[in-house]
Amino acid sequence: MITGNIFHHRKNSWPPEEYVSRNTLQLFDFDSAAPPTHAWRRRLNSHANILKEFSVTFMEAIKMVRLGIRLWSYVREEASHGRKAPIDPFTRESCKPSASQGVPLGGMGSGSISRGFRGEFRQWQIVPGTCNTSPVMANQFSIFISRDGGKKKYASVLAPGQHEGLGKTSDEGISSWGWNLNGQHSTYHALFPRAWTIYDGEPDPDLKVSCRQISPFIPHNYRDSSLPTAVFVYTLVNTGKERAKVSLLFSWANSIGGISDLSGEHVNEPFIGEDGVSGVLLHHKTAKGNPPVTFAVAASETQNVNVTVLPCFGLTEGSFVTAKKMWGKMMEDGQFDRENFNCGPSMPSSPGETLCAAVSASAWVEPHGKCTIAFSLAWSSPKVKFLKGSSYNRRYTKFYGTSERAAQDLVHDALTNYKCWEEEIEKWQSPILKDKRLPEWYKFTLFNELYFLVAGGTVWIDSSLLSSDVKNDQDPPMKVERKDVKATEDEMNCRRGTVFEHTSTSTSTSCSNGSAGVGIKQNGDPTITRKKRTSRQFSHHLKSQDQLDGDEDVGRFLYLEGVEYIMWCTYDVHFYASFALLELFPKIELNIQRDFAKAVLSEDGRKVKFLAEGNYGIRKAIGAVPHDLGTHDPWNELNAYNIHDTSKWKDLNPKFVLQVYRDFAATGDMTFGIEVWPAVRTAMEYMEQFDRDDDGLIENDGFPDQTYDAWTVHGVSAYCGCLWLAALQSAAAMAQQVGDKFFAETCKSKFFSAKIAFEKKLWNGSYFNYDSGSSSNSKSIQADQLAGQWYTLSSGLPPLFDEFKTRSALQKIYDFNVMKVEGGRMGAVNGMHPNGKVDESCMQSREIWTGVTYAVAANMLLAGMVEEAFTTAEGIFIAGWSEEGFGYWFQTPEGWTIDGHFRSLIYMRPLAIWSMQWALSIPKAILEAPKINMMDRILISPATFSLSLPETGVRKIANKAGCFGNSALQCTC
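Okay, so let's go over this structure.

Rules used in this analysis
Residues numbered from 1 in each chain as written. Predicted model: local features only at pLDDT ≥ 70, side-chain atom pairs only at ≥ 80, totals over all residues. Heavy atoms only, no water. Pairing = 2+ DSSP bridges. Helix = DSSP H or I, 4+ residues; strand = E, 2+ residues; numbered from the N terminus. Buried < 20%, exposed > 50% of the residue type's maximum accessible area, 1.4 Å probe, protein only. Axes fitted to C-alpha atoms, helices over the stretch in contact; angles between N-to-C directions. Contact = heavy atoms within 4.5 Å. Salt bridge = Lys/Arg side-chain N within 4 Å of Asp/Glu carboxyl O. Expected span 1.5 Å × (residues − 1). Core = buried A, V, L, I, M, F, W, Y, C linked by side-chain atoms within 4.5 Å. Arc of directions from axis to C-beta. Phe/Tyr/Trp six-rings, centres within 6.5 Å; stacked < 30°, edge-to-face > 60°.

Side note on the sheet that holds strand S4 (residues 121–125)
Pairing in this open sheet of three strands is antiparallel, and the strands run S2-S3-S4 from one edge to the other. Pairing within the sheet leaves two strands with one partner each, and these edge strands are strand S2 (104–105) and S4. Relative to S4, strand S3 (residues 112–115) is paired through three bridges, and the arrangement is antiparallel. Bridging across to S4, Ser112 finds its partner in Gln125.

Following this line, the structure appears as structure tokens:
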């Protein structure tokens, strides 16, 4: 077991000279071949230790036994329908998780493949919601070097040979290849979305090799960032006295991970494209009715680089060309026969047969000369299909069409455009990397945590009107008639007596993006049409690099809570992660908020069994913010999460209001504000039912009714109460800006009363108690107790509490939750008793949550506690990312225990590190946004401040934004 003594020292810099000789770095000092000054680094011979998963204690198991039985039954029931349950703690991957991850490949939302730091291709997520973790070992880069007329030869796979999947060297498969790389002099350098592997004299002492991996993740570029492709640029430097013939080989199996290569009916086909781009297309027929996938592996032929291909080889003795024969051919000739380009499509593979292909690029490198060879990989799966039948075109098809053969165009464009991508990436990253105020670990971890936006199961579709784009290839029995699903904003307005009016062609909230397919009626007219959009009014901070016109739709976007928790856009977690999207892809962030705004105004009356208590309720209550957008039919079947009834959760609605106002303030997008305002108001009104004693403050209901869904709360809680105070403030500010002045005053009145009650019930002189109950942990110090304050300051609103209370509470968290756990080298534990002992009342109270730690650090930055902030966040780096830590790089989990055992790898919440960057550089639009004083003159009597009172109208907003004939709010001026 790894103990705390590994944390007894801190390292402040990781210069490339510690990993690569200065001479080699100088040789690569051109064309971006050298690794950057700031990067996460490893030697290729580093041990990839097996990661240790958390386990519940005996007492926790006793408490959860009924839940476990119900969950087991539910998992089996879903499996009987051919579906995976969104939460399945019982099924384990055959490949145990290890500390071997690296920068993933490709853009966002078109399926992803990760590449480990030692070179293996793993973590296959081509089919939505499915992750095959095991590496496909036939997918490799290899090098063949010949000197002195062939008398001196070197050959090796460019990855260490200590991998699973390798058998005896005497067989006909990949074990017969030359796995000769020791890795001692080879290093990996990661700065997402790029990575460098430097082979410093391996396997040829007189040849220096740099491999630069590039993916098109480019903030504000909503085109190229959707492309499923990556480039590998090899720079060769010959330091010897003889010219060398160098051949690089890129081998690829016709597989989407797991055992998919054995399913049969796969076809390979060579191609010669434009501009010297040549390679092989691998057409993969997926199982279980999933859409097909076509891979393209290619290289760029130049005056000095010769490209040849082997369209087909196999891994077993019965293959026409075996892997062993292929390797022998490369050893002898360093290339394949040119005639192979004329082969045409291969015969379909047989079940049980693995079909592979290889592309070779060879060149002569003169003594003390340099050469560049570029490869590209692309995968084209134009349709994304969910298990319950809905299918959509992926975002990249808007630019490349819906043919699988688009893979050929993708590799061509990648090889001709990658230098432009790199220029944009460097332009984006350079200001942060050059900021001398920032710790080095923070600079590269900030960018590397963005891996999740590629490897987090993202789906990006080209669809603004989902209801018209859905194509059901079949009509399965589980597809429910939507008669019991309704979302009638007019109905809600009727109930509360508001004066909102709508045209028959407008949607509930976001007409520009259409219905989310939940059978929404608009004034009795089920027809939904797209309304003309006005230009977005993004702030300069968020628009400076935008490469689209403001009125162009950017499609719809999904990302998983985690690869183990298969729920799309889990909202209580998105609350933390959304800073990354808002900073880098604000149009995507606004569209996610539009999806949830629609959902607030919808209802799904189908019965669902909630597993924690075994009771039944409806899937989605009107007015409640859903936990997620679904699993097997996102946008259409919400709330895949069924542990608790989340319509009774106390954090989701306030989080919706807080996020919407922050996004509204940051982008200055008045159209967005108008579209979502009805949902914001409805979400606030819904929460009134949880104010049991009419003091303006919501109460929790004695079960885990918030994101800490195993941590019971009684009465008023610091977490939910603080979020509610912040939501009242944000709703008041937004109401004021959209012209709903009466509602603004109502929220201000309620805030005044609620704040008094909150401080009276929870403030103990140095921090806010966990809750107002009388349980053993009611006085615990919760790391996340000021989450509402974090959001108000991030949105440019006044602080909720005076400076003394804020700094006192944060200092208490720092002194206890942070510094009393391994001296601050693991992050902030969620709960800590005031006597300095970890709160072990449940598994979550004793966990350290990575994303929450980043959020707490951001809160400290906003309070001016800079040293404490970076020390707090550095604990996550030390425990998760450093060489002495537990090995969670590029798979940051939801959390770990104090002994380093993880729960839920590759998780959404750690993207909250971008809230720290947000705090360090608040957007200009937020700083200049209209201010609201929550304590100024109240215009209504506190005795009558029900949030459901009728409003006075929104006429002035029409004058600000223009009269939108098809707007969610009809102009009444």
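Quick notes on unusual backbone geometry
Going from Phe192 to Pro193, the amide bond is cis rather than trans, its omega being 10°. The peptide bond linking Glu202 to Pro203 adopts the cis configuration, its omega dihedral lying at 0°. Residue placement: Pro203 occurs in the loop between strand S8 (194–200) and strand S9 (207–214). Despite not being glycine, Asp275 has its phi angle at roughly 55°, a positive value. For Asp275, the location among the structural elements is in the loop between strand S12 (267–272) and strand S13 (277–284). According to the relative accessible area criterion, Asp275 is exposed, its value standing at 53%. Non-glycine residue Lys288 carries a positive phi angle of around 60°. Tracing the backbone shows Lys288 in the loop between S13 and strand S14 (293–300). Its relative accessible area of 82% is what places Lys288 among the exposed residues.

Some words on the sheet that holds S9
Ordered by their spatial adjacency, nine strands build an open sheet running S1-S7-S8-S9-S10-S17-S14-S13-S12, and the pairing between neighbours is antiparallel. Each edge of the sheet is formed by a strand with only one pairing partner; in this case those strands are strand S1 (40–43) and S12. Between one strand and the next, the sheet's axes are offset by a mean angle of 15°, whatever the strand orientation. Looking at chain direction, strand S10 (residues 229–238) and strand S17 (residues 370–380) are connected through nine bridges and run antiparallel. The residue of S17 that forms the bridge with Thr229 is Ala378. Relative to the sheet, helix H6 (residues 406–433) contacts strand S7 (186–191), S8, S9, S10, S12, S13, S14 and S17, its axis offset from that of S17 by approximately 110°.

Things to note about the environment of Asn642
Mapped onto the elements, Asn642 comes out in the loop between strand S24 (616–620) and helix H14 (652–667). For Asn642, a relative accessible area of 8% translates into the label buried. Through-space distance from the C-alpha of Asn642 to that of Pro86 is 9.1 Å; in sequence the pair is 556 residues apart. Once residues within four sequence positions are removed from consideration, Asn642 is found in contact with Tyr74, Val608, Lys609, Phe610 and Leu611.

A look at the pattern of salt bridges
Considering all chains together, one arrives at 41 salt bridges under this definition. With a shortest N-O distance of 2.0 Å, Asp595 and Arg556 are connected by a salt bridge. Of this pair, Asp595 sits in helix H13 (residues 586–600) while Arg556 sits in strand S22 (residues 556–558), placing them 39 residues apart in sequence. Arg556 shares its class with Asp595; the two are buried. Of the charged contacts, one joins Lys755 and Glu759 as a salt bridge, the two residues approaching to 3.0 Å between their closest N and O atoms. Taken together, the residues span about one helical turn, with Lys755 and Glu759 both in helix H17 (residues 741–762) at a distance of four residues. For the residue pair Lys755 and Glu759, the accessibility class agrees, reading buried in each case. Residues joined in a network through salt bridges with shared partners are Arg194, Arg212, Glu422 and Glu426.

Side note on helix H21 (residues 866–881)
Taking 1.5 Å as the rise per residue, H21 with 16 residues should run 22 Å; its terminal C-alpha atoms sit 21 Å apart, in good agreement. In terms of residue burial, H21 counts as a mostly covered element, since 14 of its 16 residues are buried.

Comments concerning the pairing of S8
Among the seven residues of S8, seven are classified as buried, and the element is accordingly described as predominantly covered. A two-sided burial pattern is seen for S8, the buried positions comprising Arg194, Trp196, Ile198 and Asp200 on one face and Ala195, Thr197 and Tyr199 on the other. Counting the residues in the hairpin turn of S7 and S8 gives two residues. Counted along the chain from S8 to the antiparallel partner S9, the turn is six residues long, and its residue Gly201 has a positive phi close to 90°.

A short note on the nonpolar core
Within the largest apolar cluster, 304 residues are counted, with the highest numbers of intra-cluster contacts made by Phe375, Leu450, Tyr559, Phe656 and Trp914. Among the elements that make up this core, the one with the highest residue count is helix H16 (residues 718–737) (15 residues). Beyond its immediate sequence surroundings of up to four residues, Phe375 is in contact with Phe141, Ala230, Val231, Phe232, Tyr234, Leu248, Phe250, Ala298, Ala299, Val359, Ala361 and Leu415.

Concerning helix H4 (residues 323–333)
Listed in full, the buried residues belonging to H4 are Ala323, Met326, Trp327 and Met330. What you see down the axis of H4 is that its buried residues fit within an arc of 100°, all on one side. For H4, the exposed residues lying more than 90 degrees away from the buried face are Lys325 and Glu332. Looking at the buried positions of H4, the neighbouring elements they touch are strand S5 (140–147), strand S6 (152–157), strand S11 (244–253), strand S15 (306–313) and strand S16 (356–365). Just downstream of H4 lies Gly334, where phi reads positive at about 75°.

Focus: the packing of aromatic side chains
Enumeration over the complete set of coordinates arrives at 73 aromatic pairs. Between Phe141 and Phe250, the ring centres sit 4.1 Å apart and the planes meet at 15°, which makes this aromatic pair stacked. Of this pair, Phe141 sits in strand S5 while Phe250 sits in strand S11, and the two are 109 residues apart along the sequence. The exposure classification of Phe141 matches that of Phe250, with both residues buried. Ring plane angle 80° and centroid distance 6.0 Å describe the contact between Trp460 and Phe557, whose orientation is recorded as edge-to-face. Placement of the pair is Trp460 in strand S20 (residues 459–461) and Phe557 in strand S22, with a sequence separation of 97 residues. One exposure class covers both Trp460 and Phe557, and it is buried.

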